[in-house]
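# Survey of secondary and tertiary structure
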Amino acid sequence: MAASKVQIPLKVVIHKQEERVLYAEANSDFVDILFSFLTMPMGTIIRFLSKHSNTTLPAAAVIGSFNNLYKSISNLQTRYFATEVCKDMLLNTRNSAEVECRKLKVNIDDIRPIEYFTCDLKCTSENFDAYVSTYNCVKCKNCSRFLENKAYFTDTRGEDGQGVFVHRTASFVITDDLHVIPIIPAATLALLEKTGFTDFGVLEERNFHLGSTEILDLLKYSILSKTPLTSMFLGKNYVIVDKTIQTITNSQMSTEGNTSDKKMTVKVLVQKSNNKILLAEAAEDFAELLFTFLSIPLGKVISLLSASHSSTVVAENLNKSVSDLNVNRYFKSQKLKNMLLDPKLAEHYYSSNQIIPLKQAATPSLCCEHLVNPKGSDVFMKARTMFMVTDDLVVTPLSSATCFNYLNSLKVPPSDVKDQVVNIDMQEALNLLWATLNTSSVLNNGLKDSVE
Ligand SMILES: [Zn+2]
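The notes below deal with the structure included here. (Residues numbered from 1 in each chain as written. Predicted model: local features only at pLDDT ≥ 70, side-chain atom pairs only at ≥ 80, totals over all residues. Heavy atoms only, no water.)

Okay, the overall build of the chain next. Looking only at helices and strands, the chain has 17 helices and 14 strands in total. Within the chain, buried positions represent 53% of all 452 residues. Residue pairs in contact within the chain that sit at least 24 positions apart in sequence constitute 73% of those at least 6 positions apart. By element, 49% of the accessible surface of the chain is carried by carbon and sulfur atoms, the whole surface being about 20400 Å². (Helix = DSSP H or I, 4+ residues; strand = E, 2+ residues; numbered from the N terminus. Buried < 20%, exposed > 50% of the residue type's maximum accessible area, 1.4 Å probe, protein only. Contact = heavy atoms within 4.5 Å. Areas by Shrake-Rupley, 256 points an atom, 1.4 Å probe, with all protein chains shown as cover.)

Have a look at this one:
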């Protein structure tokens, strides 16, 4: 990662006796970065944090079972994917707000800017329809040769020096649990009272400068800690609360445009004596359902789960803050506010095997030629392959030997194993997503209501 020397200031107000951060005061540069976390696909976050493991965090940054999912894709041979690009797309997920995030004062996304490739001059001048790809190993639909000539398109959505998501002139207060509110003394006081604060004498101000390392820390704590600012600035170890799944009943679930009729089935091996799911024997559709969780932006994961589940991650408060802040006063436009409230998949990330309905960003208008879908279809995985999926989402090609070895490693005797087919629909898919974010027992949390 190219180390960025740019640093942004943050004033942190600490409760001296209790050694906790009460709040921080920041300008738009910091708040833009904080809000940009919502646009990051889970795969991007896992990729950052695994590279960042040697810094200040006491333990490795493991987010539920997402790390295993990511490693599984990395370990799978390319032949299991629909095209050779699919594996790379899942390992290097793109952010649909990439153009905006490139304008952040400190941008931690080190992914190369999108490159465009076309056919040669002869083909593009002879054919009315010209094709463009963002990968140089995709074939031209006119002549079937590779689109490998670099093309340049002028990006007109450049820097206007006026901030990214929020107005340049705005300043904010950020609470320890990441509520972002306008900097109004009365509001700040009300907020302090809520945290049990009674005496101005206990306040102490400290000034920090944050570079890319600190921003990565903050991203990590905003998912793993209940008190990200205290964890970060006072070096207190965060506590991972062992969460149990609590779904909100269907009647309360927000259903506007968010239902899906898609279904799939998966065979699970269950330990008879305690009704625990040991593993799943799954076709590529179920593997893809799980793998494409990595393409979902954090903010979308939060909004999907907060409608149906009672506890997610503290970054949920960022989503609430975006929703509460007045668009004209604080955001540069309604479009930018929407980009944070309902972040979309990057282009070509739509998967027909994903049961959870997700919107994909439109193809950028800077390119008038036909942009070829590098997947070649609506799926990432090759059809008719079987996988073994463990409870903590290690996904490997299925063979009876690997399956028996795994059962043996769990010390489960063959006589104690039965199989069962379970149906996966929208509710199970959301439960699986929740469990992937929060636990290392995903199949048992996600499918527990389906096992008899
Ligand atoms: Zn061609």
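Moving on: unusual backbone geometry. Even without glycine at this site, Ser144 takes up a positive phi of about 65°. Its location among the elements puts Ser144 in the loop between strand S4 (131-133) and strand S5 (149-151). Backbone geometry places Lys411, a non-glycine residue, at a positive phi of 60°. What makes Lys411 exposed here is its relative accessible area of 71%.

Counted under the stated rule, the structure contains 17 salt bridges. One salt bridge in this structure joins Glu18 and Arg20, with 2.5 Å as the shortest N-O distance. Through salt bridges with shared partners, a single network forms among Lys11, Glu25 and Glu205. (Salt bridge = Lys/Arg side-chain N within 4 Å of Asp/Glu carboxyl O.)

Below, the discussion takes up the side chain of Ser28. Tracing the chain through its elements places Ser28 in helix H1 (residues 28-36). When its relative accessible area of 0% is taken as the criterion, Ser28 is described as buried. In contact with Ser28, other than residues within four places in its own chain, are Val166, His167, Arg168 and Ala170.

A few words now on the coordination of the zinc ion. Protein ligation of the zinc ion involves Cys119 (SG), Cys123 (SG), Cys140 (SG) and Cys143 (SG), the donor distances falling in the range 2.2 to 2.3 Å. In this structure, the zinc ion is coordinated by four donor atoms arranged in tetrahedral fashion, with angles at the metal of 97 to 117°. Read N to C, the donor residues that coordinate the zinc ion are spaced as C-x3-C-x16-C-x2-C. With Cys119 in the loop between strand S3 (116-118) and helix H6 (121-126) and Cys143 in the loop between S4 and S5, this residue pair connects regions lying 24 residues apart in the sequence. (Donors = N, O, S within 2.8 Å, 3.2 Å for Na, K, Ca; no water. Tetrahedral: all angles 85-135°; square planar, octahedral: opposite > 155°, others 65-115°.)

Before going further, it helps to spend a moment on helix H7 (residues 185-194). Listed as buried for H7 are Thr188, Leu191 and Leu192. All buried residues of H7 lie within an arc of 100° about the axis, which places them on one face of the element. Seen from the buried face of H7, the exposed residues on the opposite side, beyond 90 degrees, are Ala186, Glu193 and Lys194. Phi turns positive one or two residues past the end of H7, at Gly196, with a value near 85°. (Arc of directions from axis to C-beta.)

So, on to the packing of helix H3 (residues 66-75) against helix H4 (residues 84-91). Their axes nearest at 10 Å, the elements H3 and H4 cross at an angle of 155°. If you check the angle between H3 and H4, you find them roughly antiparallel. Here H3 and H4 pass one another in a crossing that is left-handed. Residue-level inspection shows Tyr70, Ile73 and Ser74 of H3 in contact with H4, the latter providing Lys87, Leu90 and Leu91. For the contact of H3 with H4, a count of residues per class yields four nonpolar, one polar and one charged. (Axes fitted to C-alpha atoms, helices over the stretch in contact; angles between N-to-C directions. Parallel < 35°, antiparallel > 145°, perpendicular 65-115°, else oblique. Left-handed = near helix turned anticlockwise from the far one by under 90°. Nonpolar A, V, L, I, M, F, W, Y, C, P; charged D, E, K, R; others polar.)

A few words now on the sheet that holds S5. Sheet strands pair via backbone hydrogen bonds, and the direction of the pair is either parallel or antiparallel. An order of S5-S3-S4-S11 is seen for the four strands of this open sheet, with the pairing classed as mixed. At either margin of the open sheet sits one strand with a lone partner, and together these are S5 and strand S11 (370-371). Sheet analysis places S3 next to S4, joined by two bridges and oriented antiparallel. Residue Thr118 lies in a different strand from S4, and its bridge partner there is Val132. (Pairing = 2+ DSSP bridges.)

Here we come to the packing of aromatic side chains. Under the defined criterion, the tally for this structure stands at five aromatic pairs. Of note, Lys220 hangs over the ring of Tyr221, and the distance from its end group to the ring centre comes to 5.7 Å. (Phe/Tyr/Trp six-rings, centres within 6.5 Å; stacked < 30°, edge-to-face > 60°. Lys NZ or Arg CZ within 6 Å of the ring centre and 35° of its normal.)

Moving on, we come to the environment of Asp88. The residue Asp88 is located in helix H4 in this model. A relative accessible area of 28% means that Asp88 is categorised as partly exposed. Linking Asp88 and Thr78, residues 10 residues apart in sequence, is a C-alpha distance of 9.2 Å. If we skip the residues at most four places from it in the chain, Asp88 touches Arg112 and Tyr135.

A few words now on the nonpolar core. In terms of nonpolar packing, the biggest core is built from 125 residues, with Phe35, Phe37, Ile63, Phe66, Phe286 and Ile424 touching the most fellow members. Residue contacts for Phe37: discarding those within four places in its chain leaves Ile215, Leu218, Leu219, Ser222, Leu298 and Leu318. (Core = buried A, V, L, I, M, F, W, Y, C linked by side-chain atoms within 4.5 Å.)

The next thing to look at is the pairing of strand S6 (residues 171-175). Burial runs high along S6: four of the five residues are buried. Looking at chain direction, strand S2 (residues 20-27) and S6 are connected through five bridges and run antiparallel. Counted as the bridge partner of Glu25 is Val173 from S6. Note: S6 against strand S7 (residues 180-182), three bridges, orientation antiparallel. Counterpart to Val173 in the pairing with S7 is Ile181. Counting the residues that bridge the hairpin from S6 to S7 gives four residues, and of these Leu178 lies at a positive phi of roughly 70°.

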